[in-house]
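Each chain, letter by letter, is given below.
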Amino acid sequence: PTIFVDEVGITLGNIADAASGAITPTLRIGVTGLSRAGKTIFITALIHNLLSGATLPGFQAMTQGRLIGAQLTEHPDNATPRFAYENHLAALLGTPPTWPESTRRISQVRLTLRYQSDRWLKNRMGLSTLNLDIVDYPGEWLLDLPLLSKSFRQWSDEALDLAQRPNREEEATPFLEALKATDTMAQADETAAETLALAFTQYLRASKQDARALSTLPPGRFLMPGDLEGSPALTFAPLPKPSHAPRSNSLYAMLERRFEAYKTVVIRPFFRDHFARLDRQIVLVDALRALNAGPEAVSDLENALTSVLACYRQGRVNPISRILNRRIDKILFAATKADLLHHTSHAKLEAILNRLVMNATRRARFAGAQTQSLAIAAIRATREGRIKDNGDTLDTIIGTPEQGQVLGDTTYDGETEIALFPGDLPDSPESLFKTDESTPELNFLRFLPPTDLQRSETGEPIFPNIRLDRAIDYLIGDKLQ
Ligand code: GDP
């Protein structure tokens, strides 16, 4: 369903031709964020808005009438899976609509945009074309970058130190018990390696469960294996310091070799073949889920974001600076699901986001990239309302919580629409990090996707959004000049 305004005399065929020409400029945008941050929804909504001719008031190339059209075109890179746009859209437009499957591995998709430049000379040469390559990948994979400069011993010490901290006790105990029961100096044994790797993976995954929302320790593929699930490169775990030098046929030596293999066959190729080729990056952050879970989860999210963005650190000490040529010139940080709050709280959400990415931003700017923060909802699942409560007027959001969502004594059935006052975000983001301060009562529920969509002039259903237009303008606007 592509719309092309034909008044300028282009046909769809022309666009495909132009796209295949070597001269068409290409902008590669990475979309990342930790699991369930909203990557799939963001990309699906972005493509759908551009294809369907939705009105995007904050996207200047569109409001100035210079964007002629967009089309999905074939991607030249056959080695990377294609982003399953059509399936995701079908889920969102289904009866009833459902949220599509989330990102589990890297994928990409190419959109070709046709536009009229606002520069006199370029304009004289006719319409311009831009290939927009969108690369979706799990933010967890970025956590692996620091591993490149660590030995197995260093990484093991750090990982075990974290696993032994009191706040992780509940999740880590089975893994630590499994370690105790294993003789790592004994002859290497695949079953023992698998048992340890499984216990370690389960500990990492358990730390991320909804209620705890402790994010995210490397190795990234243990959480998001992509196509590597079960492969030997993922069958290792951190081990305690051996009392004497391990023999080369010991379990210890085998896991150490696998850690090194993970660096060579998993981490390096990802950074070299994908990350290093990005021009721009949007980092999606589900701050609200961390706020729901409390101060520990908030500090943890901040740490994870700082490590995720450590890839922007400069300097010769960083082994990756040889791989990365620091091409990324713009990074957009977006707090997703802003529709779970009334718009009067969006400024506070942006302040929280700024605080969460403060360290990351500093690094990125130092490395020469521009950054911006926005609170967005790529697909808005709620509307706004007001209720009176004991004489107070409360700003609410209205929508249908997903089946099984619980608030107080109520378990929602997935059919009943409610008006919810999710609570007040604090004025100062700092208080969210403190355990001693009375944390504000916040309730963010998951809502079903919107129904009864409005239609564009061409009859396409249009998803409501919050500031998606501003995000698109920041990411690609200047390339359409
Ligand atoms: P990712 O691909 O793992 O980063 O995450 P998804 O894009 O699949 O999003 C995870 C879940 O977050 C979705 O299934 C939705 O429930 C929710 N979600 C994502 N974007 C939005 C949004 O803009 N508004 C609302 N209300 N929920 C969203």
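For the structure itself, consult the block above.
Residues numbered from 1 in each chain as written. Predicted model: local features only at pLDDT ≥ 70, side-chain atom pairs only at ≥ 80, totals over all residues. Heavy atoms only, no water.

1. Some words on the packing of aromatic side chains
Part 1 of the reasoning: The full count for this structure, using the stated rule, is 19 aromatic pairs.
Part 2 of the reasoning: Ring centres of Trp155 and Phe200 lie 5.9 Å apart, and the angle between their planes is 85°; on these two criteria the pair is classed as edge-to-face. Placement of Trp155 in helix H6 (residues 152-163) and of Phe200 in helix H8 (residues 190-206) is noted, with a sequence separation of 45 residues between them. In this structure, Trp155 and Phe200 share a single accessibility class: buried.
Part 3 of the reasoning: An angle of 75° between the planes, with centres 5.8 Å apart, marks the rings of Phe200 and Phe222 as edge-to-face. With Phe200 in helix H8 and Phe222 in helix H9 (residues 220-223), this residue pair connects regions lying 22 residues apart in the sequence. The residues Phe200 and Phe222 share a single accessibility class, namely buried.
Part 4 of the reasoning: A network of ring pairs unites the aromatic residues Phe152, Trp155, Phe175, Phe200, Tyr203, Phe222, Phe236, Tyr252, Phe259 and Tyr262 as a single cluster.
Part 5 of the reasoning: The lysine or arginine in question, Arg221, covers the ring of Trp141, its NZ or CZ lying 3.4 Å from the ring centre. (Phe/Tyr/Trp six-rings, centres within 6.5 Å; stacked < 30°, edge-to-face > 60°. Helix = DSSP H or I, 4+ residues; strand = E, 2+ residues; numbered from the N terminus. Buried < 20%, exposed > 50% of the residue type's maximum accessible area, 1.4 Å probe, protein only. Lys NZ or Arg CZ within 6 Å of the ring centre and 35° of its normal.)

2. Digging into the side chain of Arg355
Part 1 of the reasoning: Summarising the element assignment, Arg355 is placed in helix H13 (residues 346-356).
Part 2 of the reasoning: When near neighbours in sequence (up to four residues on either side) are disregarded, Arg355 contacts Glu302, Pro429, Glu430 and Phe433. (Contact = heavy atoms within 4.5 Å.)

3. A few points about the environment of Leu27
Part 1 of the reasoning: Topologically, Leu27 is positioned in strand S1 (residues 26-33).
Part 2 of the reasoning: Non-local contacts of Leu27, meaning those with residues more than four positions away in its chain, are made with Leu130, Asn131, Leu132, Asp133, Asp279, Arg280, Leu475, Ile476 and Lys479.

4. A closer look at a nonpolar patch on the surface
Part 1 of the reasoning: Taken together, Trp120, Leu121 and Met125 make up a surface patch of nonpolar side chains, about 440 Å² in accessible area.
Part 2 of the reasoning: Summarising the element assignment, Leu121 is placed in helix H5 (residues 120-124).
Part 3 of the reasoning: Taking the relative accessible area as the measure of exposure, Leu121 reaches 57% and is therefore exposed. (Patch = residues over 30% accessible without salt bridge, like charges linked within 9 Å, V, L, I, M, F, W, Y side chains within 5 Å. Areas by Shrake-Rupley, 256 points an atom, 1.4 Å probe, with all protein chains shown as cover. Salt bridge = Lys/Arg side-chain N within 4 Å of Asp/Glu carboxyl O.)

5. Focus: helix H7 (residues 169-180)
Part 1 of the reasoning: Among all positions in H7, only Glu171, Ala172, Phe175, Leu176, Ala178 and Leu179 are buried. Along the long axis of H7, the arc covered by the buried residues comes to 155°, so they all point the same way. Along H7, the residues that are exposed and aim more than 90 degrees away from the buried face are Glu170, Pro174 and Lys180.
Part 2 of the reasoning: Where H7 is buried, its residues contact H6 and H8. (Arc of directions from axis to C-beta.)

6. Some remarks on the layout of surface pockets
Part 1 of the reasoning: Considered as a void within the structure, the largest pocket measures approximately 1100 Å³ in volume.
Part 2 of the reasoning: As for the largest pocket, its lining consists of 48 residues, of which Ala54, Gln454, Ile462, Phe463 and Pro464 are closest to the centre.
Part 3 of the reasoning: Counting only elements with at least two residues in the lining of the largest pocket, the list comes to helix H2 (39-52), helix H3 (60-63), strand S2 (67-73) and strand S9 (392-399).
Part 4 of the reasoning: For the lining of the largest pocket, the per-class residue count stands at 23 nonpolar, 17 polar and eight charged.
Part 5 of the reasoning: Two domains each put at least three residues into the lining of the largest pocket: domain 1 (6-137 + 275-379 + 456-480) and domain 3 (383-454).
Part 6 of the reasoning: Volume-wise, the second largest pocket comes out at about 850 Å³.
Part 7 of the reasoning: Tallied by class, the residues present in the lining of the second largest pocket amount to 19 nonpolar, eight polar and ten charged.
Part 8 of the reasoning: Each of two domains, domain 1 (6-137 + 275-379 + 456-480) and domain 3 (383-454), supplies a minimum of three residues to the lining of the second largest pocket. (1 Å grid on protein atoms, 1.4 Å probe; cavity = no way out; pocket = protein on both sides within 12 Å on 5 of 7 lines; lining within 4 Å. Points joined across faces, edges and corners; volume = space filled by probe spheres on them. Nonpolar A, V, L, I, M, F, W, Y, C, P; charged D, E, K, R; others polar. Domains from an automatic or database assignment.)

7. Quick word on the sheet that holds strand S7 (residues 370-375)
Part 1 of the reasoning: Ordered in space as S2-S3-S4-S1-S5-S6-S7, the seven strands form an open sheet in which the pairing is mixed. Of all strands in the sheet, those bounded by a partner on one side alone are S2 and S7. Each strand of the sheet is rotated relative to its neighbour by a mean of 20°, with strand direction disregarded. (Pairing = 2+ DSSP bridges. Axes fitted to C-alpha atoms, helices over the stretch in contact; angles between N-to-C directions.)

8. Considerations on unusual backbone geometry
Part 1 of the reasoning: For the peptide bond that leads from Thr95 to Pro96, omega is -5°, which places it in the cis range.
Part 2 of the reasoning: Topologically, Pro96 is positioned in the loop between helix H4 (85-92) and strand S3 (107-115).
Part 3 of the reasoning: Backbone geometry at Asp452 places phi at a positive 50°, although glycine is not the residue there.
Part 4 of the reasoning: Positionally, Asp452 belongs in the loop between strand S12 (418-420) and strand S13 (454-455).
Part 5 of the reasoning: Despite not being glycine, Arg467 has its phi angle at roughly 55°, a positive value.
Part 6 of the reasoning: With respect to the helices, strands and loops of the structure, Arg467 is situated in the loop between strand S14 (461-462) and helix H15 (468-476).
Part 7 of the reasoning: Residue class for Arg467 comes out partly exposed when judged on its relative accessible area of 22%.

9. Re the environment of Glu170
Part 1 of the reasoning: Mapping Glu170 onto the fold places it in helix H7.
Part 2 of the reasoning: Sequence spacing of Glu170 and Ser207 is 37 residues, and the spatial spacing of their C-alpha atoms is 8.8 Å.

10. Quick notes on the pairing of S3
Part 1 of the reasoning: Of all nine residues in S3, nine are buried; the element is thus mostly enclosed.
Part 2 of the reasoning: Across the two faces of S3 the burial is the same, with Ser107, Val109, Leu111, Leu113 and Tyr115 and Gln108, Arg110, Thr112 and Arg114 all buried.
Part 3 of the reasoning: The pairing of S2 with S3 spans six bridges and is classified as antiparallel. Opposite Gly69, over in S3, you have Arg114 as the bridge partner.
Part 4 of the reasoning: Inspection of the sheet shows S3 paired to strand S4 (residues 128-136) by nine bridges, in the antiparallel sense.

11. A few points about the site of the ligand
Part 1 of the reasoning: Around the ligand sit 18 residues in total, of which Arg36, Lys39, Thr40, Ser102 and Asp339 are the nearest.
Part 2 of the reasoning: Here an oxygen atom of the ligand and a backbone polar atom of Ala37 are 3.3 Å apart.
Part 3 of the reasoning: About the coverage of the ligand: the protein hides 97% of its 570 Å² of free accessible area.
Part 4 of the reasoning: Mapping the ligand onto the cavity grids shows that it belongs to the second largest pocket.
Part 5 of the reasoning: Broken down by class, the residue content of the shell around the ligand amounts to eight nonpolar, five polar and five charged. (Near = heavy atom within 4 Å. Polar contact = N/O pair within 3.5 Å; in protein donor to acceptor, adjacent residues only side chain to side chain. Sits in = over half its atoms within 2 Å of the grid points.)

12. Description of the sheet that holds strand S8 (residues 383-389)
Part 1 of the reasoning: Taken together, the three strands give an open sheet; going across it, the order is S8-S9-S12, and neighbouring strands pair in antiparallel fashion. Each having just a single partner strand, S8 and S12 make up the two edges of the open sheet. Here the strands of the sheet are splayed against their neighbours by 45° on average, with no regard to which way each runs.

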